[in-house]
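Each chain, written out:
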Amino acid sequence: MADLVLFWHRRDLRISDNVGLNAARNLSSKLIGLFCLDPQILDRDDMAPARVSYMLGCLQELQASYQQLGSELLIFYQSPLVIIPKLVEALEIKTVCWNLDVEPYGRERDRSITEALQGVNIQTYWDQILHAPSEIYSGSGTPYTVYTPFWKNWITKPKAAPLPKPQPCQGLTPQEREVVTKLGAIDLPTAEDLGFPWQGELFLSPGETAALGKLQEFTRQGILTYGDDRNYPALAGTSCLSPALKFGAIGLRTLWQATLDALAINSTEAAPNIHTWQQEIAWREFYHHALYNFPSLEQGAYRQQFQNFPWENNEAHFQAWCEGRTGYPIIDAAMRQLNTTGWMHNRCRMIVASFLTKDLIINWQWGEKYFMQKLIDGDLAANNGGWQWSASSGMDPKPLRIFNPYTQGKNYDPEAAYIRCWLPELKSLPTKDLLSGNILPLVRSTRNYPQPIVDHHTQQQEFKRRYALIKAPQES
Ligand code: FAD
Ligand code: FO1
């Protein structure tokens, strides 16, 4: 009888194009999967119900996929540090495999488990990015801190082809099944059971099948006009794959191959659009590598001098921003999209992040956390990267980015269709008033829509004044 191999899933909730799972299956024909509902992660105060709900949906399909292979995915609501050594001992498992992660918590967890599993064969792999951090260093052997040179290097590296689904395999014997039941294996709970009820529709249907379907649909059509369409939040101009990428419901090699296929079958006119989407995939990787190389990003600003920024941190302003009641239509529309759906368009993420940091002069970390509490795709690396970019506290602070919310609205929501969709109380107002914010006080009060809580021009000057105080000498 073949040796039992344990494959531990974390954010790779699929069976196809899964580097670690594919390798584990090659090691043995007897293979089971494991997912630990980790109290240390689930008890954090930045958990989003939409995200937990999406994750559980992915796990449901993953369980079914394991059954089709002839095996099973075990679920425990326990710390992996406790349950994995117990499983290894009770089932005499000789090999444990998993895919690596870039997050500080995950890396420390993996280090502790490795230590606890002395004598066990542990095999780890890079799966959630196309290139491991060690593959993309500058000529002088240091990590990149600016995107463009990173991209220029990253795009020249050959990318691996998608991997197939694992071959059918054997799972546990009835006796072994009894053992895992005694150790506390559970049926998959609902998001409500875990304390994260999500009543709304999910922005993307969970699971591998839905993610592959979405990729196919997008690379057949949406990608061909992505270059322009991606900037307009009223259009369905982006792939909507971010939750799938967060939880690994789709493999990166499959994604990349789809872009190559799209380049091969479409006209040369489409190519710049496809390249732009490839660049977004590289932004994701840039932020993953950044977090891996500079784990302290999780704690605060990359730029030292930014750690003492004199923020205003007005709690009432923060509350108004969270609720979408700032009196700035484009800001409020975006925040209501986030609160209602658990997702926000990228253009709007940049606008509301600039508004929070540069207009309300509130610490970007408050916004970072609020996003994590709401986003279905909330991902430490991308979220932290996006916030530091917007706050000018990160690796690439120049030019000092201050978005004018009215100009942004005019440029990217010219018919105010997005504003009308999320602010139905203002629906009947003329487009030019919605975009300029010139809404009469009487109209605001009858529709219960607030006055602007701050003046953009005054606050912009104030931000610049404070920014000058912390600017490093070499920048002045
Ligand atoms: P598409 O435009 O179709 O892009 C395809 C994929 O590329 C995305 O799914 C995503 O994985 C990646 N990607 C695209 N743009 C970026 C980017 N700027 N940075 C990093 N990866 C990118 N993305 C997250 O996945 N999770 C987050 O928590 C997150 N927080 C953000 C916070 C702020 C302040 C900002 C400005 C951006 C943030 N982003 C985050 C990046 C981006 O907004 C989303 O990835 C994108 O809106 C997801 O929609 P999509 O899948 O339709 O993207
Ligand atoms: N990974 C787990 O192994 N167990 C979980 O219970 C779990 C919950 C979870 C919830 C939200 C979220 O955004 C991610 C979640 N993940 C979970 C994945 C997590 O990102 C990885 O485990 C990382 O390696 C942790 O650093």
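Residues numbered from 1 in each chain as written. Chains lettered and ligands numbered in written order. Predicted model: local features only at pLDDT ≥ 70, side-chain atom pairs only at ≥ 80, totals over all residues. Heavy atoms only, no water.

Engineer: Outline the pattern of salt bridges, listing residues and values.
Structural biologist: If you walk through the whole model with that rule in mind, you get 21 salt bridges. The shortest N-O distance in the salt bridge between Glu72 and Arg177 comes to 2.8 Å. A residue pair is termed long-range when its members are at least 10 positions apart, and Glu72 in the loop between α3 (49–69) and β3 (73–76) and Arg177 in helix α7 (residues 174–182) qualify at 105 residues. Of the charged contacts, one joins Asp110 and Arg109 as a salt bridge, the two residues approaching to 3.0 Å between their closest N and O atoms. For the pair Asp110 and Arg109, one class covers both residues: buried. One network of salt bridges, with partners in common, ties together Arg11, Asp101, Glu103 and Asp379. (Salt bridge = Lys/Arg side-chain N within 4 Å of Asp/Glu carboxyl O. Helix = DSSP H or I, 4+ residues; strand = E, 2+ residues; numbered from the N terminus. Buried < 20%, exposed > 50% of the residue type's maximum accessible area, 1.4 Å probe, protein only.)

Engineer: Give me the sheet that holds strand β5 (residues 121–125): which residues, what numbers.
Structural biologist: Read from one edge to the other, the open sheet built from 5 strands follows the order β3-β2-β1-β4-β5, with strand pairing classed as parallel. Here the strands that pair on one side only, and so sit at the sheet edges, are β3 and β5. Adjacent strand axes in the sheet meet at a mean angle of 25° when their direction is disregarded. Inspection of the sheet shows strand β2 (residues 30–36) paired to β3 by 4 bridges, in the parallel sense. (Pairing = 2+ DSSP bridges. Axes fitted to C-alpha atoms, helices over the stretch in contact; angles between N-to-C directions.)

Engineer: I'd love a proper account of helix α22 (residues 456–470), names of residues and values included.
Structural biologist: Here α22 contains 15 residues, and its C-alpha end-to-end distance of 21 Å stays within 8% of the 21 Å for a straight helix at 1.5 Å per residue. Among the residues of α22, those classed as buried are His456, Gln459, Gln460, Glu462, Phe463, Arg466, Tyr467 and Ile470. Mapping the buried residues of α22 onto a view down its axis gives an arc of 165°, with all of them on the same face. Contacts made by the buried residues of α22 are with α15 (346–359) and α18 (405–412). (Expected span 1.5 Å × (residues − 1). Arc of directions from axis to C-beta. Contact = heavy atoms within 4.5 Å.)

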